[in-house]
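Topology and contacts: notes
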Amino acid sequence: SQQGEEDPQALSIQEGENATMNCSYKTSINNLQWYRQNSGRGLVHLILIRSNEREKHSGRLRVTLDTSKKSSSLLITASRAADTASYFCATGTGFQKLVFGTGTRLLVSP
Amino acid sequence: DVKVTQSSRYLVKRTGEKVFLECVQDMDHENMFWYRQDPGLGLRLIYFSYDVKMKEKGDIPEGYSVSREKKERFSLILESASTNQTSMYLCASSTLHTGDRKNYNINQPQHFGDGTRLSIL
């Protein structure tokens with residue numbers, strides 16, 4: 001069952017611009033995580049935000065969480081061509097499982 | 001560095017064959033997962049395991065089985081492969097621990113292998 005839905009499905013920007021991706025979910029969560037997937041590779045964990053947190057930073061990444069709206073956003077600042085990848089949100093609702101969304105494909109052009 | 005290794009990057013099998021996909025992790029993680037990834041559908045959980053010999057069905061277990069005889073190894077088995085099982089299969093692992101304690105209610109980050117692209121002809 002899909003819990004997270006990312007928006008937009010695809011995003012195309014120029015190097016140096018900021019990229020914002022959104023995730024909406026349906027049920028209560030204990031945390032929300034963002035992952036990145038390069039073409040043909042596995043997913044790599046980027047950042048985890050707990051349900052009692054509102055914002056978290058890691059390098060050029062900024063994640064916000066609004067539990068009242070059941071939504072999260074991932075902001076990548078000063079994008080680089082190497083940021084080209086698919087980005088997935090995943091919600092944790094307990095007992096170890098994560099439920100992944102369908103992803104946002106980000107293309108950063110030089 | 002943490003590592004999840006899947007035995008094959010690409011695999012081609014025939015309809016009706018029994019197919020084994022192997023996954024090994026070197027992080028002493030309790031949890032291991034098998035997903036399939038299809039365009040437009042994202043990642044869907046097939047099975048997961050939180051301990052040796054323990055398994056739980058995910059969202060799409062039909063046509064699959066799993067085996068976890070050792071902590072580091074989690075195998076996915078397609079009992080009789082069909083063309084609709086052509087997909088990218090991803091294995092992942094995660095710890096149960098928060099600090100020194102096991103915590104069954106916190107979803108820790110998952111570490112993924114590079115996937116096996118399986119084609120059933």
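In this report, we go over the structure that sits alongside the text. The structure presented is a predicted model; accordingly, all values stated were derived computationally and were not measured.

A few words on the sheet that holds strand 8 (residues 73-78) of chain B. Residue and element names in this part refer to chain B. In spatial order, the strands read 1-3-8-7; together these 4 strands make up an open sheet with antiparallel pairing. Edge positions in the sheet fall to strand 1 (4-6) and strand 7 (64-70), since each has one partner strand and no second. Strand-to-strand twist in this sheet, taken as the mean axis angle between neighbours without regard to direction, amounts to 20°. Two strands pair when backbone bridges link them, and strand 1 and strand 3 (residues 19-25) are joined in this way by 3 bridges, in the antiparallel orientation.

This part covers the sheet that holds strand 7 (residues 61-66) of chain A. Strand pairing in a sheet relies on backbone hydrogen bonds. The paired strands run either parallel or antiparallel. Residue and element names in this part refer to chain A. Overall, antiparallel pairing links the 5 strands, which are arranged 1-3-8-7-6 in an open sheet. The open sheet has two free edges, formed respectively by strand 1 (5-7) and strand 6 (55-58), since each of these has just one partner strand. Each strand axis lies, on average, 20° off the axis of its neighbour in the sheet, ignoring direction. Across 6 bridges, the pairing between strand 7 and strand 8 (residues 71-76) is antiparallel.

About the criteria used
- Residues numbered from 1 in each chain as written.
- Chains lettered and ligands numbered in written order.
- Predicted model: local features only at pLDDT ≥ 70, side-chain atom pairs only at ≥ 80, totals over all residues.
- Heavy atoms only, no water.
- Pairing = 2+ DSSP bridges.
- Helix = DSSP H or I, 4+ residues; strand = E, 2+ residues; numbered from the N terminus.
- Axes fitted to C-alpha atoms, helices over the stretch in contact; angles between N-to-C directions.

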